[in-house]
Number of protein chains: 2
Amino acid sequence: MQKKDKKVPEVVIRRLPRYYRYLKELNKNGKMRISSGALSKEMGVTASQIRQDFSYFGGFGQQGYGYNIQYVTEEIENLFGVTKGHSAVIIGAGNLGRALANYQGIKNRGVTISAMFDISPEKIGKDVSGIPVMPMDKMEDFVRENKTDIAILTLPKDNVTSVAERLKNCGIKGFWNFTSVELEMPEPVMIENVHLTDSLMTLAYKISTDLD
Amino acid sequence: MQKKDKKVPEVVIRRLPRYYRYLKELNKNGKMRISSGALSKEMGVTASQIRQDFSYFGGFGQQGYGYNIQYVTEEIENLFGVTKGHSAVIIGAGNLGRALANYQGIKNRGVTISAMFDISPEKIGKDVSGIPVMPMDKMEDFVRENKTDIAILTLPKDNVTSVAERLKNCGIKGFWNFTSVELEMPEPVMIENVHLTDSLMTLAYKISTDLD
């Protein structure tokens, strides 16, 4: 694993998963090497940006021959914890929670969902694609015993803050938050707020403007 | 509606929905006015960025008294097509498609989902929260007749490109793409690719790094 010797800017961290998706796809199609120039054309970013972004992680190998695609994807998998893996729980077994429980993309990023929690008696005791739905009062014990580090929040917004606090207190390190609550917690707890509606509004703006 | 007299940068368009969420919440809590300074503290951005972002849309009113919260939210609703509304279809009635069909946030942004399309005989003819699931071969006629402008893509990735092409040809203006395919189409068609796994990888990176 490449040693990180400088703090990586947030924007760079956010771009790496996109490089990863492209490189995985190229790798799947049998491609072994790619130059920063070719990757730049493929992805619509400049070659110098690619080189600069990669430089935060040691550069990912010689540019003269192009990048070794498998090497770079494996390095990113190490850096992003895909190789080591993470254990997650989903709080809220509604439609979105169930959709995420079934989502192969999560597994492909090294995250294993080990349980879902809900308050509804009709849901508790059932399972979703093999993932058990358990009552909320078992949440703390489960998270502690299973050393769960990620909580995926898909519960109604009124309970988000208090549930997140309980999860933090039993060892959750990262929240993937799909609720409309803008969750904030001091480090070292990390939060990714996914605001789907912001993305939809952006799309609506663009098509409205275009139609004017 | 404030007339847009200069091209608004993409980053600014992406920040507006976040301002909107905060202002809506403040409005719901009975607040009438807020200064850029107070909003800046609330949101963790600088006051000058807020003023600069708003300046692309005419400034949203006098800063001396602070912003009139209801006025700004209404202006944003006009600019972002929330007021006028949009009609959408969901392609793919799997877990994610059904989750989105049930998602109140979509309605709150002025987008009405009028139908879902799928190839599965077990799903066709049923409905999800009152939204009918229809066969794929009815898609083009439905979109044309209902003047649908947004397609929400939650179908398996192998068919995404061809289905998107069919949708574009019958008048879809914007794609909200949840598939792993990085959809690209020439303007005026607009695309919002939602890569949930990128967000998850970012979170995993942050908690991995923190644990090192």
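Computed from a predicted structure; not experimentally measured. (Residues numbered from 1 in each chain as written. Chains lettered and ligands numbered in written order. Predicted model: local features only at pLDDT ≥ 70, side-chain atom pairs only at ≥ 80, totals over all residues. Heavy atoms only, no water.)

**A short note on the confidence of the model for chain A**
- A residue-level look at chain A finds 95% of positions with pLDDT of 70 or above and a mean pLDDT of 91.
- Under the prediction, the complex receives an ipTM of 0.91, its pTM being 0.86. (pLDDT = per-residue confidence, 0-100.)

**Structural notes on the side chain of T73 of chain B**
- Take T73 of chain B: it is sitting in helix 4 (residues 69-79).
- The contact partners of T73 of chain B, leaving out residues within four places of it in the chain, are Y20, L23 and K24 of chain B. (Helix = DSSP H or I, 4+ residues; strand = E, 2+ residues; numbered from the N terminus. Contact = heavy atoms within 4.5 Å.)

**Considerations on the packing of aromatic side chains**
- Scanning all chains against the criterion turns up 16 aromatic pairs over all chains.
- Geometrically, the ring pair formed by F54 of chain A and Y67 of chain A is edge-to-face, given 5.0 Å between the ring centres and 70° between the ring planes. A residue pair is termed long-range when its members are at least 10 positions apart, and F54 of chain A in helix 3 (residues 47-55) and Y67 of chain A in strand 2 (residues 67-68) qualify at 13 residues. Take F54 of chain A and Y67 of chain A: they sit in the same class, and that class is buried.
- Between F117 of chain A and F142 of chain A, the ring centres sit 5.7 Å apart and the planes meet at 70°, which makes this aromatic pair edge-to-face. Taken together, the residues span a long stretch of sequence, with F117 of chain A in strand 4 (residues 111-118) and F142 of chain A in helix 7 (residues 139-145) at a distance of 25 residues. The same class applies to F117 of chain A and to F142 of chain A, which are both buried.
- Connected via pairs of aromatic rings, a cluster forms that spans Y19, F54, F57, F60, Y67 and F80 of chain A together with Y205 of chain B. (Phe/Tyr/Trp six-rings, centres within 6.5 Å; stacked < 30°, edge-to-face > 60°. Buried < 20%, exposed > 50% of the residue type's maximum accessible area, 1.4 Å probe, protein only.)

**What to know about the nonpolar core**
- Counting residues in each nonpolar core, the largest one holds 44 residues, and the members touching the most others are I152 and W176 of chain A together with I152 and W176 of chain B.
- In this structure W176 of chain A touches I106, A151, I152, L153, E192 and V194 of chain A together with L196, S199, L200 and L203 of chain B, once residues within four positions along its chain are discounted. (Core = buried A, V, L, I, M, F, W, Y, C linked by side-chain atoms within 4.5 Å.)

**Focus on the packing of helix 2 (residues 36-43) of chain A against helix 3 of chain A**
All names here are of chain A.
- Taken N-terminus to C-terminus, the directions of helix 2 and helix 3 make an angle of 110°; their axes are 8 Å apart at the nearest point. Put simply, helix 2 runs roughly perpendicular to helix 3. Facing helix 2, whose interface residues are S36, G37, L39 and S40, helix 3 presents A47, I50, R51 and F54.
- Residues belonging to the contact of helix 2 with helix 3 are distributed by class as follows: 4 nonpolar, 3 polar and 1 charged. (Axes fitted to C-alpha atoms, helices over the stretch in contact; angles between N-to-C directions. Parallel < 35°, antiparallel > 145°, perpendicular 65-115°, else oblique. Nonpolar A, V, L, I, M, F, W, Y, C, P; charged D, E, K, R; others polar.)

**Concerning the pattern of salt bridges**
- Evaluation of the coordinates by the stated rule reveals 26 salt bridges over all chains.
- K206 of chain B is paired through a salt bridge with E10 of chain A; the nearest N and O atoms lie 3.1 Å apart. Highlighted residues: K206 of chain B in helix 9 (residues 196-211) and E10 of chain A in helix 1 (residues 10-28), drawn from two different chains.
- We note a salt bridge from K123 of chain B to D118 of chain B, for which the minimum N-O separation is 4.0 Å. (Salt bridge = Lys/Arg side-chain N within 4 Å of Asp/Glu carboxyl O.)

**Section: the interface of chain B and chain A**
- Taken together, the contacts link 65 residues of chain B with 65 residues of chain A.
- Across the interface of chain B and chain A, roughly 5,800 Å² is buried in total on both sides, 65% from carbon and sulfur atoms.
- If you look at where chain B meets chain A, you find 10 salt bridges.
- If you look at where chain B meets chain A, you find 16 residue pairs in polar contact (both at pLDDT 80 or more).
- If you list the elements that add at least two residues to the side of chain B that touches chain A, you get helix 1 (10-28), helix 4, helix 5 (95-101), helix 6 (104-108), strand 8 (174-177), strand 9 (190-193) and helix 9 of chain B.
- For the side of chain B that touches chain A, the element with the most residues is helix 9 of chain B, which contributes 16 residues.
- Tallied by class, the residues present in the side of chain B that touches chain A amount to 33 nonpolar, 12 polar and 20 charged. (Buried area = accessible area lost by both parts, 1.4 Å probe. Polar contact = N/O pair within 3.5 Å; in protein donor to acceptor, adjacent residues only side chain to side chain.)

**Some remarks on the relation of the copies chain B and chain A**
- Take chain B, turn it by 180°, move it 0.0 Å along the axis, and it overlays chain A with an RMSD of 0.0 Å. The operation mapping one copy onto its partner corresponds to a two-fold rotation axis.
- In this assembly, 100% of the residues forming the interface of chain B have copies in chain A that are likewise at the interface, indicating an isologous arrangement. (Least-squares fit on C-alpha atoms with pLDDT ≥ 70 in both.)

**Quick word on the sheet that holds strand 8 of chain B**
All names here are of chain B.
- Strand order in the open sheet formed by 7 strands is 5-6-4-3-7-8-9, and the pairing between neighbours is mixed. The open sheet has two edge strands with one neighbour each: strand 5 (127-128) and strand 9.
- Sheet analysis places strand 4 (residues 111-118) next to strand 6 (residues 131-135), joined by 3 bridges and oriented parallel. Across the sheet, residue F117 finds its bridge partner in strand 6, namely M134. (Pairing = 2+ DSSP bridges.)

**Overview of the pairing of strand 6 of chain B**
Residues and elements named next belong to chain B.
- Pairing geometry for strand 5 and strand 6, over 2 bridges, is antiparallel. Following the sheet pairing, D127 is matched in strand 6 by P132.
- Taking the residues that link successive antiparallel strands as the turn, the strand 5-strand 6 hairpin has 2 residues, and the phi of S129 there is positive, at about 50°.

**A look at helix 3 (residues 47-55) of chain B**
Residue and element names in this part refer to chain B.
- Here helix 3 has its buried residues at A47, I50, D53 and F54. The buried residues of helix 3 all sit within an arc of 130° when viewed along its axis, so they share a single face.
- Against helix 1, helix 2 (36-43), strand 2 (67-68) and helix 4 lie the buried residues of helix 3. (Arc of directions from axis to C-beta.)

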